[in-house]
Amino acid sequence: MRSGTPLEWANLLGVGPDDLPASTHLLVRGVEVLDDSIVQLRTMLHDCPDRGLDEALLQLERRIRDVVALIRDLHHEVLQELM
């Protein structure tokens, strides 16, 4: 597992180990929704006259994609270890 044991993740999320796969699946869905929202916002404001805002949104989009990948990896690893 990337970092932490399944028990540590279960404690962090306030669930038992048996509920951890469902909880990490919800995390994946949540960050995917957040990613979609950020992409929509950046698309809507892409041609705005504020280049600083456009660059900040681009950086945010890149970082959330990193988070999505890390959470997906966590979910996959939880499934492998607990299923």
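Residues numbered from 1 in each chain as written. Predicted model: local features only at pLDDT ≥ 70, side-chain atom pairs only at ≥ 80, totals over all residues. Heavy atoms only, no water.

Draft legend 1. Broad picture of the environment of R29. With respect to the helices, strands and loops of the structure, R29 is situated in helix α2 (residues 20–45). R29 sits 43 residues away from R72 along the chain, and the two C-alpha atoms are 9.3 Å apart. (Helix = DSSP H or I, 4+ residues; strand = E, 2+ residues; numbered from the N terminus.)

Draft legend 2. Focus on the packing of α2 against helix α3 (residues 51–82). Their axes nearest at 9 Å, the elements α2 and α3 cross at an angle of 165 degrees. Between α2 and α3, the crossing angle belongs to the class labelled roughly antiparallel. Considering only the axes of α2 and α3, their crossing is left-handed. The residue inventory of the contact of α2 with α3, partitioned by class, reads 22 nonpolar, 3 polar and 7 charged. (Axes fitted to C-alpha atoms, helices over the stretch in contact; angles between N-to-C directions. Parallel < 35°, antiparallel > 145°, perpendicular 65-115°, else oblique. Left-handed = near helix turned anticlockwise from the far one by under 90°. Nonpolar A, V, L, I, M, F, W, Y, C, P; charged D, E, K, R; others polar.)

Draft legend 3. Fine view of the pattern of salt bridges. Counting across every chain of the model gives 7 salt bridges. The partner of D35 in a salt bridge is R65, with the nearest N and O atoms 3.6 Å apart. Separated by 30 residues along the polypeptide, D35 in helix α2 and R65 in helix α3 bring together distant segments of the chain. Residue classification places D35 among the buried positions, given a relative accessible area of 11%. With relative accessibility at 43%, the residue R65 sits in the partly exposed group. Look at the salt bridges and you will find they share partners, linking D35, R42, E61 and R65 into a network. (Salt bridge = Lys/Arg side-chain N within 4 Å of Asp/Glu carboxyl O. Buried < 20%, exposed > 50% of the residue type's maximum accessible area, 1.4 Å probe, protein only.)

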